[in-house]
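# Summary of structural features
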Amino acid sequence: RGLLGAWSLQCPPPALAAATPSGASAAVSGPDVSSHNHDSGRTVGWTGVHGAEGASFAFVKATEGGTYLNPSFASDFASIHKAGMIRGAYHYARPSGGTNAEITADATAEASFFIRTTGTLTAKGDLPPVLDIETAGTLNPAQLSLWTHTWLNRAKKLTGRTPIVYTYAYFWKQKMGNSAGFSAYPLWLASYSATKPGLVGGWKSYTFWQYTPRASMAGASRALDMSVVNGTQTPLLTMARAGPAPAPLHSTAPRSPSHPRPGRVPSRQTSTPR
């Protein structure tokens, strides 16, 4: 707690700890949100999420594809910081392309769009960029691996940080050919289960485990996706110690959504971007 100053890690109250699945680190937990959590006037009170519930961190969807910007991103991202929580931003991938040149151009454009929106994510308390990869478009495993490597390399070049990969087991095995070529990146694995998830690809461990899409927390008027850190708070503290100066947020207005996405539920088709 003292290592991060304002970005403190709090132990959750008994109610939250009881809802945490077997084998998870109840002391280091946090939600992730998108504009879906603000539908019909719903709100997320980050002071309550952090103070009353003891959440240590939160992720916010920033962008999707090459054009969609979450209209709630800037306000949620700033509020998480103000509440004293560690924060992260994620990009929902929409891979496309036919030739290798088209695939790399598309991935580069999506990564650049994301970083223009979030800034370089180098403030103290900022986690590295997150690539949410759970749809393949028309790409086969080799093409999708090329797309994913390109996005990750571009994001790393723009921020100087090693990105986090979010995925789920069925997708990685079926659409990525269970590639073992990404184990250098921290893994955020979705598995809605009461027990620790099995690993995929070449990863020896996961850093974050998203274990439910239905967490109830004081301060949030809608159920939240909830994740826990694997083991202790050390990985979270390490990743959140990037630098002293906050990065500016991009002010581009959100464009009209064109792709589906109601919430990040593994092995489920998405509907509208959130």
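Scroll up a little and you will see the structure.
Computed from a predicted structure; not experimentally measured.

### Here we look at the overall build of the protein chain
- Counting its secondary structure elements, the protein chain contains seven helices and nine strands.
- Across the 274 residues in the protein chain, those meeting the buried criterion constitute 55%.
- Taking all contacts inside the protein chain whose residues are at least 6 apart in sequence as the whole, residues at least 24 apart take part in 68%.
- Taken as a whole, the protein chain presents about 10700 Å² of accessible surface, with 53% of it coming from carbon and sulfur.

### Regarding the pairing of strand 6 (residues 164–168)
- Within strand 6, five of the five residues are buried, which leaves the element mostly enclosed by the surrounding structure.
- What you see with strand 6 is no split at all: Ile-164, Tyr-166 and Tyr-168 on one side and Val-165 and Thr-167 on the other are buried throughout.
- As defined by bridge partners, strand 5 (residues 130–132) adjoins strand 6 across three bridges and the pair is classed as parallel. What sits directly across from Leu-131, in strand 6, is Val-165.
- Judged from the four bridges that link them, strand 6 and strand 7 (residues 187–190) form a sheet pairing that is parallel. Of the residues in strand 7, the one forming a bridge with Tyr-166 is Trp-188.

### A closer look at the pattern of salt bridges
- Taken as a whole and judged by the stated rule, the model has three salt bridges.
- Residues Arg-87 and Asp-126 are paired through a salt bridge, measuring 2.5 Å at the closest nitrogen-oxygen approach. One end of the pair, Arg-87, is in strand 4 (residues 86–92); the other, Asp-126, is in the loop between helix 4 (100–118) and strand 5, with 39 residues separating them in the sequence.
- Counted as one network, the salt bridges with shared partners bring together Lys-61, Glu-64 and Arg-94.

### Things to note about the packing of aromatic side chains
- Under the definition given, this model contains 13 aromatic pairs.
- Aromatic pair Tyr-206 and Trp-209: ring centres 6.2 Å apart, planes at 70°, arrangement edge-to-face.
- For Tyr-206, a relative accessible area of 6% corresponds to the buried category.
- Residue class for Trp-209 comes out buried when judged on its relative accessible area of 0%.
- Taking 6.0 Å as the distance between ring centres and 65° as the angle between the ring planes, the aromatic pair formed by Trp-209 and Tyr-211 counts as edge-to-face.
- Over the aromatic face of Phe-77 sits the side chain of Arg-87, whose NZ or CZ is 4.0 Å from the ring centroid.

### Digging into helix 5 (residues 141–159)
- Helix length check: helix 5, at 19 residues, gives a terminal C-alpha distance of 27 Å against a target of 27 Å (1.5 Å per residue), a fit within 8%.
- Residues of helix 5 that are buried in the fold lie against strand 4, helix 4, strand 5, strand 6 and helix 6 (169–175).
- The N-terminus of helix 5 is capped by Asn-140, whose side-chain oxygen sits 3.1 Å from the backbone nitrogen of Ala-142.
- One or two residues past the end of helix 5 sits Gly-160, with phi positive at roughly 75°.

### Digging into unusual backbone geometry
- Unusually for a residue other than glycine, Leu-121 sits at a positive phi of about 55°.
- Take Leu-121: it is sitting in the loop between helix 4 and strand 5.
- Accessibility expressed as a relative area gives 0% for Leu-121, which makes it buried.
- Positive phi outside glycine occurs at Asn-178, with the angle close to 55°.

### What to know about the side chain of Thr-167
- Following the sequence through the fold, Thr-167 ends up in strand 6.
- According to the relative accessible area criterion, Thr-167 is buried, its value standing at 0%.
- A polar contact is formed between the side chain of Thr-167 and the backbone oxygen of Ile-133, at a distance of 3.0 Å.
- Leave out the neighbours within four places in its chain, and Thr-167 touches Ile-133, Trp-172, Leu-187, Trp-188, Leu-189 and Ala-190.

### Looking at the pairing of strand 1 (residues 29–33)
- Counting buried residues in strand 1 gives five out of five residues, a clear majority hidden from the surface.
- Neither face of strand 1 is exposed, since Ser-29, Pro-31 and Val-33 on one face and Gly-30 and Asp-32 on the opposite face are all buried.
- In terms of strand pairing, strand 1 meets strand 9 (residues 224–229) through four bridges, oriented antiparallel. Residue pairing for strand 9: Ser-29 is matched across the bridge by Val-228.
- Bridging between strand 1 and strand 2 (residues 57–64) involves two bridges; their strand directions are parallel. Along strand 2, the bridge assignment pairs Asp-32 with Phe-59.

Conventions we followed
Residues numbered from 1 in each chain as written. Predicted model: local features only at pLDDT ≥ 70, side-chain atom pairs only at ≥ 80, totals over all residues. Heavy atoms only, no water. Helix = DSSP H or I, 4+ residues; strand = E, 2+ residues; numbered from the N terminus. Buried < 20%, exposed > 50% of the residue type's maximum accessible area, 1.4 Å probe, protein only. Contact = heavy atoms within 4.5 Å. Areas by Shrake-Rupley, 256 points an atom, 1.4 Å probe, with all protein chains shown as cover. Pairing = 2+ DSSP bridges. Salt bridge = Lys/Arg side-chain N within 4 Å of Asp/Glu carboxyl O. Phe/Tyr/Trp six-rings, centres within 6.5 Å; stacked < 30°, edge-to-face > 60°. Lys NZ or Arg CZ within 6 Å of the ring centre and 35° of its normal. Expected span 1.5 Å × (residues − 1). Polar contact = N/O pair within 3.5 Å; in protein donor to acceptor, adjacent residues only side chain to side chain.

Any functional reading would require information beyond the geometric quantities listed.
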